[in-house]
Amino acid sequence: MFLSEAEVNKVVKTVKGITPEDAVLTDMKRYFHDKYDIEILDYICSTEEFGPPGNKSKRAEFVVWDITEAKKCPTAFDMKVRDEVKRVFAKACREHGLHPDFYDPSKFFPNLTDIESDITDQLIRKKRGIIDHMLRCYPQIRRHQYTGTCVHVFYETDEDIAKNEKSGLSSEIRYRVSDILGEYEGFEGRKLGVTVFTSLQTLREKYDNNTYWYFHG
């Protein structure tokens, strides 16, 4: 999750055709499709500088739907890939006379980010009370918590996880969480939200009842 609500709205307008696709986006869509089989939805140029003092740079964010797409192009981990993306984007900006701050590839950092996680995080924050009420109607659920795009449901025991998956209860809960989140305008037809099932037994035995270690371990 990296996009602000304003940036999410910008991407949605591009996807819906409210904001026409510019020449740089056309070039970058072609590049990412041909090179990495990735569908780029939009791009965002941030002139705010990021990074440690003395080594700050601007950010060129290429937006895809989900994290699976983003991982196809390892801009964050592969220097050669990162440098190539920078060169291609800087060249497109120069050729089309857009985004002068990004004409020099040494002055910015490229990244691929998914919009699904940002949309889901927004919706969960807005609809958390409704989800809370729904989950509390199930006596099998002993506890639930949220981490960004995920709803974590705790049954009592590990055996309950298997039993409730087999009975269809967990599938029902997954569906109801997704149904509450609903669809997001511009991305109709895409299911949102991830529900993870665990148990208080796992929390006790593996994480000493420490939810911090459960979520970050």
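Residues numbered from 1 in each chain as written. Predicted model: local features only at pLDDT ≥ 70, side-chain atom pairs only at ≥ 80, totals over all residues. Heavy atoms only, no water.

## Thoughts on the packing of aromatic side chains
Here is step 1: Tallied over the entire structure, the rule returns 15 aromatic pairs.
Here is step 2: Ring geometry for Phe62 and Phe89: centres 5.2 Å apart, planes at 85 degrees, overall edge-to-face. Placement of the pair is Phe62 in strand β2 (residues 57-64) and Phe89 in helix α4 (residues 79-96), with a sequence separation of 27 residues.
Here is step 3: These aromatic residues form a ring-pair network of at least three members: Tyr31, Phe32, Tyr36, Tyr43, Phe62, Phe89, Phe102 and Phe108.
Here is step 4: Over the face of the ring belonging to Phe154 we find Arg143, whose NZ or CZ atom lies 5.8 Å from the ring centre.
Here is step 5: Between the NZ or CZ atom of Arg190 and the centre of the ring of Trp65, over which it lies, the distance is 4.5 Å. (Phe/Tyr/Trp six-rings, centres within 6.5 Å; stacked < 30°, edge-to-face > 60°. Helix = DSSP H or I, 4+ residues; strand = E, 2+ residues; numbered from the N terminus. Lys NZ or Arg CZ within 6 Å of the ring centre and 35° of its normal.)

## Considering the nonpolar core
Here is step 1: Among the nonpolar cores identified, the biggest contains 30 residues, and Ile115, Ile119, Leu135, Val153, Ile173, Tyr184 and Phe187 are the most heavily contacted of them.
Here is step 2: Those elements giving two or more residues to this core turn out to be α1 (5-16), α5 (116-135), β5 (150-155) and α7 (169-181).
Here is step 3: The biggest single contributor to this core is α5, with six residues.
Here is step 4: In this structure, Ile119 is in contact with Val8, Trp65, Tyr184, Phe187 and Leu192, ignoring residues within four places of it in sequence.
Here is step 5: The next biggest cluster of nonpolar side chains, apart from the first, holds 23 residues, and it includes Leu25, Met28, Val64 and Phe102. (Core = buried A, V, L, I, M, F, W, Y, C linked by side-chain atoms within 4.5 Å. Buried < 20%, exposed > 50% of the residue type's maximum accessible area, 1.4 Å probe, protein only. Contact = heavy atoms within 4.5 Å.)

## Topic: the pattern of salt bridges
Between side chains of opposite charge, a pair can form when the charged atoms approach closely.
Here is step 1: Summed over all chains, the structure comprises 15 salt bridges.
Here is step 2: Between Lys91 and Glu95 there is a salt bridge, and its shortest N-O distance comes to 4.0 Å. Placement of the pair is Lys91 and Glu95 together in helix α4, with a separation of four residues, close to one helical turn.
Here is step 3: The residue Arg174 makes a salt bridge to Glu165 at a minimum N-O spacing of 2.8 Å. (Salt bridge = Lys/Arg side-chain N within 4 Å of Asp/Glu carboxyl O.)

## Some words on the packing of helix α6 (residues 158-167) against α7
Here is step 1: Running from N to C, α6 and α7 point in directions that differ by 75 degrees, and their axes come no closer than 4 Å. Taken as axis vectors, α6 and α7 run roughly perpendicular relative to one another. Residues Asn164, Glu165 and Ser167 of α6 touch α7, and the partners they reach there are Leu169, Ser170, Ser171 and Arg174.
Here is step 2: Of the residues in the contact of α6 with α7, the class split is one nonpolar, four polar and two charged. (Axes fitted to C-alpha atoms, helices over the stretch in contact; angles between N-to-C directions. Parallel < 35°, antiparallel > 145°, perpendicular 65-115°, else oblique. Nonpolar A, V, L, I, M, F, W, Y, C, P; charged D, E, K, R; others polar.)

## Description of the packing of helix α2 (residues 23-36) against α4
How two helices sit against one another is set out by the angle between their axes and by the gap between those axes.
Here is step 1: Remark: α2 packs on α4, axes separated minimally by 9 Å, with the N-to-C direction vectors making an angle of 150 degrees. In terms of orientation, α2 lies roughly antiparallel with respect to α4. Classified by chirality, the crossing of α4 by α2 is right-handed. Contact residues: Ala23, Val24, Asp27, Met28, Tyr31, Phe32, Lys35 and Tyr36 in α2; Val81, Glu84, Val85, Val88, Phe89, Ala92, Cys93, Glu95 and His96 in α4.
Here is step 2: For the contact of α2 with α4, the class distribution of residues is twelve nonpolar, one polar and four charged. (Left-handed = near helix turned anticlockwise from the far one by under 90°.)

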